[in-house]
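# Structural overview
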Amino acid sequence: MKDLVPLIVPIAVCVVLPVAIVWLKVSQQKKQDALRAEVMLEAIRQGRDVDIDALARSMSNKSRRHTSPRRRLMNQLLCGCICSLVGLIVDVVGILDVIDNGSTDTLLVGGATTAVGISFLIVYFVGRKNLAAEEAWEKSQQNCDDITVQSID
């Protein structure tokens, strides 16, 4: 039985946890889609003069959860700093563990977490160079949407 515990824990973390996260996200999306469809059907049943396309756009996830390029970069910087710091702390604990017990398992976890943090930081610094071009594109898209709305009215 003691031999199975070191085998079961990584399987649970690497298989069950990601599957549970994906299942929760998909079920949440299905519930939101069902609610959106129900609201649109109710508006059609009542015979109100509602622009269905505008209603669908206003209820879509993209319009509610839209983040600016600058906000995305700040989120990546935050994730990079947190992962790097946690990884370095786990590495220090791993070094102490190697000195005491000779076990390198903690070093592997700390190294992986540090690598993820460093990759977030690399993405941040590369993305920062492209920020001006991305913001100009966002502004042009917003202007196109405003022109389209004005031409429809």
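Here the structure is a predicted model, which is why all the values come from computation and not from measurement.

We now examine the overall build of the protein chain. Counting its regular elements, the protein chain contains 6 helices and 0 strands. In the protein chain, the succession of α and β elements from N to C terminus is α-α-α-α-α-α. Residues classed as buried in the protein chain amount to 13% of the 153 residues present. For the protein chain, the computed accessible surface area is about 12100 Å², with 67% contributed by carbon and sulfur atoms.

A few words now on the pattern of salt bridges. A complete count under the given rule lists 2 salt bridges for this structure. Between D33 and R36 there is a salt bridge, with its nearest N and O atoms 2.8 Å apart. On the criterion of helical spacing, the pair formed by D33 and R36 is a turn pair, its members being 3 residues apart in helix 1 (residues 5-45). Residue classification places D33 among the partly exposed positions, given a relative accessible area of 36%. Between R45 and E42 there is a salt bridge whose closest N-O contact spans 3.5 Å. With R45 and E42 both in helix 1, this residue pair falls 3 residues apart, about one helical turn. On the basis of relative accessible area, E42 is assigned to the partly exposed category, the value being 35%.

Scoring rules and cut-offs
Residues numbered from 1 in each chain as written. Predicted model: local features only at pLDDT ≥ 70, side-chain atom pairs only at ≥ 80, totals over all residues. Heavy atoms only, no water. Helix = DSSP H or I, 4+ residues; strand = E, 2+ residues; numbered from the N terminus. Buried < 20%, exposed > 50% of the residue type's maximum accessible area, 1.4 Å probe, protein only. Areas by Shrake-Rupley, 256 points an atom, 1.4 Å probe, with all protein chains shown as cover. Salt bridge = Lys/Arg side-chain N within 4 Å of Asp/Glu carboxyl O.

Honestly, it's all geometry; don't read function into it.
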